[in-house]
Amino acid sequence: MSALHPTTPIFHLHARKNSYYIIITSSIITIDCRESFALSAFECTQHVNKTIIKQAGNTVILQNSNHEQLLLASTTLRGKPRQIKAMKNRWSLSSIFKCSVRKYLNSLQRYNKEGKMLATTATGNSNANSNKVIKPYLAAFDFDYTVVAQNTDTVIRDLLPPNKLTKDLHDIIELGGWTEYMAEVFRRLHASEIKAEKILQTIHGIPEVPGFQRMLKRLKTKYNCDLIVISDSNSLFIEEWLKFHGLAEYFTKIFTNPARFEDNGLLTIQPFHHQTDCRMSSVNLCKGKVLEHFLIEQDLRLNLSYDRVIYVGDGNNDICPVTKLRSRDLACPREGFSMERTLTKNPLKLKVRAELLTWKTGFDLLDKLERHMEKNEKLNQQEKIKHNKTLENTSSAYDGPAK
């Protein structure tokens, strides 16, 4: 388990005659549509939030920043060599990739509104599908007020002396956002000689939401769930709390703002990425985008998909990932918090397809999840029996009449 810091993912490009399906990992790409091709990926040297470029009737949507983990777009280019350029931006060469988008297209098709795999028009994909690993569950969790009973940021902020909690500090929230606000909090903590040991000790002492440690361990060990965290806290706080409570090994990945102690003891933080296209999310983290990209990345890199996805949270920034879930998935808002109020008030407006499962503690959430899982297991067994009978009937029909 490790926090996921921004990296450049590796992809495959599939060329079919003169038509190319492209995964764009950055905002500039050169496509040679002749007999041979070259895919050149470039890394941004400055922030680009969203660029829409129309090229010969095709629209390319580039969602990019120099902190984006996985940047996806697709288009079809035909005919002569063309170059798609980001407008008025400078770029530095990062890598050159060769490869197939077939699996990418399949992964997009895999998560339709009914949660069933759609047929793909790509050819030669049967071998890839035959090796597909399908896990029963992915469980994604917010952290503050979900796994832990307090807000990790405000707990550490309250270590500041009262005379450091000034109006100009609070004004940073409106001017620069919460991440920049916490960066200034950390600078003031350092200036006030609040040591790293004190900060870590305070993080370790934050209580869990009752029953959550038991629930996380049970989901992993009994039901083989993959567990991830998607949080607007930071990597240092989350990793330290999980390690101290013996839970780090249960998590596959942590998506959050990267943070670390510098050599001089100053705690620094950076935004996970920079985005402006999702209005339900903060500029530094769109949890819906993170969840979508994780599912696609699992399919691309590991040939792995999930039968059902469970999302557990409490705040309004947990609404976006819920809107990405399918009808077979579970959205689990905490009772009495803003996520529950928003979802129960506007489910149709938000186009939420997932089943809602509210909870108060880890104990009752585990109880509800287990009952749901047992019900699904019975349905799966019935479908398997029905499928086997169909195969037997088909096989006997081909055997011909008895002699």
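Residues numbered from 1 in each chain as written. Predicted model: local features only at pLDDT ≥ 70, side-chain atom pairs only at ≥ 80, totals over all residues. Heavy atoms only, no water.

**Section: the pattern of salt bridges**
Under the convention used in this document: Whenever Lys or Arg places a side-chain nitrogen within 4 Å of a carboxyl oxygen from Asp or Glu, that contact is recorded as a salt bridge. A run of DSSP states H or I qualifies as a helix once it reaches four residues; a run of E qualifies as a strand once it reaches two. Both are numbered from the N-terminal end. Partly exposed residues are those whose accessible area sits between 20% and 50% of the maximum for their type, while under 20% is buried and over 50% is exposed, using a 1.4 Å probe and protein chains only.
Under the criterion given, the structure shown has 22 salt bridges. Among the salt bridges present, the one from Asp-299 reaches Lys-132, with a minimum N-O distance of 2.1 Å. One end of the pair, Asp-299, is in helix H9 (residues 287-302); the other, Lys-132, is in the loop between helix H2 (126-130) and strand E10 (133-141), and 167 residues separate them in sequence. Assessed through its relative accessible area of 14%, Lys-132 is described here as buried. With its nearest N and O atoms 2.6 Å apart, the salt bridge here joins Asp-307 to Arg-328. Of this pair, Asp-307 sits in strand E15 (residues 304-313) while Arg-328 sits in the loop between helix H10 (319-323) and strand E16 (330-333); the two residues are 21 residues apart in sequence, bridging distant segments of the chain. Classification of Arg-328 by relative accessible area gives partly exposed; the value is 24%.

**Some remarks on the pairing of E16**
Selection rule: Think of it this way: DSSP has to see at least two bridges between two strands before they count as a pair.
Burial along E16 is two-sided: the face carrying Leu-330 and Cys-332 and the face carrying Ala-331 and Pro-333 are both buried. The pairing of E15 with E16 spans four bridges and is parallel. By the bridge assignment, Val-312 is partnered in E16 with Cys-332. Where E16 and strand E17 (residues 355-356) come together, two bridges link them in parallel fashion. If you follow Ala-331 over to E17, its bridge partner there is Leu-356.

**Some words on the sheet that holds E10**
Stated formally: The criterion used for residue contact is that any of the two residues' heavy atoms lie within 4.5 Å. Only the contacting stretch of a helix is used when fitting its axis, a line to C-alpha atoms as for every element, and angles between N-to-C directions run 0 to 180 degrees.
Taken together, the six strands give an open sheet; going across it, the order is E12-E11-E10-E15-E16-E17, and neighbouring strands pair in parallel fashion. On the outer flanks of this sheet lie strand E12 (251-257) and E17, each paired with one strand and no other. One ladder, built from four bridges, connects E10 with strand E11 (residues 226-234); its direction is parallel. By the bridge assignment for E11, Leu-138 is matched with Asp-226. Sitting on the sheet, helix H8 (residues 235-244) touches E11 and E12, and the angle it makes with E11 is about 135°.

**Overview of the pairing of E10**
One ladder, built from eight bridges, connects E10 with E15; its direction is parallel. Within E15, the position partnered with Lys-135 by the bridge is Tyr-306.

**Points about unusual backbone geometry**
A positive phi angle, close to 60°, is found at Tyr-145, a residue other than glycine. Residue position: Tyr-145 is located in the loop between E10 and helix H3 (152-157).

**What about the packing of aromatic side chains?**
Definition in use: When two rings of Phe, Tyr or Trp (its six-membered ring) have centres within 6.5 Å they constitute a pair, described as stacked for plane angles under 30 degrees, edge-to-face for angles over 60, and tilted for the intermediate range.
According to the stated counting rule, one finds eight aromatic pairs in the structure shown. A centroid spacing of 6.0 Å and a plane angle of 80° characterise the contact between Phe-141 and Phe-212, whose relative ring orientation is edge-to-face. Residue Phe-141 is found in strand E10, and its partner Phe-212 is found in helix H7 (residues 212-221); the two are separated by 71 residues along the sequence. Given a relative accessible area of 1%, Phe-141 falls into the buried group. The class for Phe-212 is buried, based on a relative accessible area of 0%. Aromatic side chains Phe-255 and Phe-272 sit 6.4 Å apart centroid to centroid with 75° between the ring planes, which places their arrangement in the edge-to-face category. Taken together, the residues Phe-255 in strand E12 and Phe-272 in the loop between strand E14 (267-269) and H9 connect sequence positions 17 residues apart.

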